[in-house]
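Commentary on secondary and tertiary structure
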Amino acid sequence: MAIERPAKMSSVLGATAVVIGNIRGEGDLEIRGKVQGDVHTRGRILIADQGQVLGSIDATQITVAGLVRGNVNGQDGIQVEASGQIEGDLAAPRVGIEAGARVRGSLRTGMEVSGKQPPEPADEEPASLGGPKASTRLIEGKKQLSVKESRSTGQAVDESQAEAEDGPSYEKKRRRKRKASRKKSEASATNSPPSGEPTESPGQNVGAGHSPQPMIPTFVKGAKGHRR
Amino acid sequence: MAETIISSGLIIDGNLQSDGSLRLEGRIEGCVDSNSSIEIGPGAHITSDVAGKRVALAGSVAGNVDARERVDLLAGARLTGDVRAPRFTIADGANFRGKVDMEVNRGD
């Protein structure tokens, strides 16, 4: 009665199997039975049609065709099949939920950019509508591209690239500061732009055409375009 | 092929119970209970009791082993605990420390 090692790495928890406790470690795991506890592994997890996990799941790639009561956290991704049911929060860079799947909980995707705000899309949109010169727009577009490219590497690269294309970074910071202060002043119900701002001299191309309801993004952009 | 397979990288901090057969290569920090056969591979480590219909042991168990039909200690097995089974074999090279009870009368 010899016991040889199984050829494939993956583990299977059979349909009649019940684990009361946590599962950890590494390797792929298919759960057809029931787990009352957390499953934290490095590897793929498949919760089959009749499988149940009453606890949280944390693994590289998670496919749910059964029932999960607990949070599901996938380092690579989560796939919820049509027969899948999750009562808990989902977090993964990529999440797929098929039609018919039942999910109740919050969903968070794209974790690798979670700490970083997108580069203020409101800033970019009005650029096409109005004021600034074409060259500014071009640079603006380029900058946005570079931000997108460097998203995975993080803020530092973004900052330095922006500096390379967009002049010294202190200027950028000043612009941000100004914008923040303007937002603040708007919040205090003053529709007219605050006085004493260096960018608001009437000779400027945007300042001239300003309605009492200022469009901040255009405004900021115009100021920048002018300075350049 | 066993219904449940726990491969070598996996660790269960708790009990594992099944009606189907088990093949254990990983580590189980708790009891193992099956109504069918249990194969405990060379790399497996179980820190508590094992109960099944047939138990084949090539790995390490620190706990009592209880089987309705038979227990086989294979070469390289390491068992610290008592054995209760109507049939019991110990292969050359197996390591065993504990008591044996083969007078098991159970209604099955």
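Residues numbered from 1 in each chain as written. Chains lettered and ligands numbered in written order. Predicted model: local features only at pLDDT ≥ 70, side-chain atom pairs only at ≥ 80, totals over all residues. Heavy atoms only, no water.

Let us now look at the overall build of chain A. Looking only at helices and strands, chain A has 6 helices and 15 strands in total. Put simply, chain A has 228 residues, and 40% of those count as buried. Long-range pairs, those at least 24 residues apart, make up 15% of the contacts in chain A between residues at least 6 apart in sequence. For chain A, the accessible surface area stands at approximately 12400 Å², while carbon and sulfur atoms represent 53% of it. (Helix = DSSP H or I, 4+ residues; strand = E, 2+ residues; numbered from the N terminus. Buried < 20%, exposed > 50% of the residue type's maximum accessible area, 1.4 Å probe, protein only. Contact = heavy atoms within 4.5 Å. Areas by Shrake-Rupley, 256 points an atom, 1.4 Å probe, with all protein chains shown as cover.)

So, on to the interface of chain A and chain B. The partner chain B presents 30 residues to the 26 residues of chain A that form the contact. In total, chain A and chain B occlude about 2300 Å² of area from one another, counting both sides; carbon and sulfur atoms represent 54% of this. Arg24 of chain A is the salt-bridge partner of Asp13 of chain B, the closest N and O atoms lying 2.5 Å from each other. Counting across the chain A and chain B interface gives 13 residue pairs in polar contact (both at pLDDT 80 or more). Of the residues forming the side of chain A that touches chain B, the biggest block, 9 residues, is contributed by strand β2 (residues 18–26) of chain A. Split into classes, the residues belonging to the side of chain A that touches chain B amount to 13 nonpolar, 8 polar and 5 charged. In this sheet, strand β2 (residues 10–18) of chain B lies alongside β2 of chain A in antiparallel orientation, the contact comprising 8 bridges. Bridge pairing in β2 of chain B links Ile20 of chain A to Asn15 of chain B. (Buried area = accessible area lost by both parts, 1.4 Å probe. Salt bridge = Lys/Arg side-chain N within 4 Å of Asp/Glu carboxyl O. Polar contact = N/O pair within 3.5 Å; in protein donor to acceptor, adjacent residues only side chain to side chain. Nonpolar A, V, L, I, M, F, W, Y, C, P; charged D, E, K, R; others polar. Pairing = 2+ DSSP bridges.)

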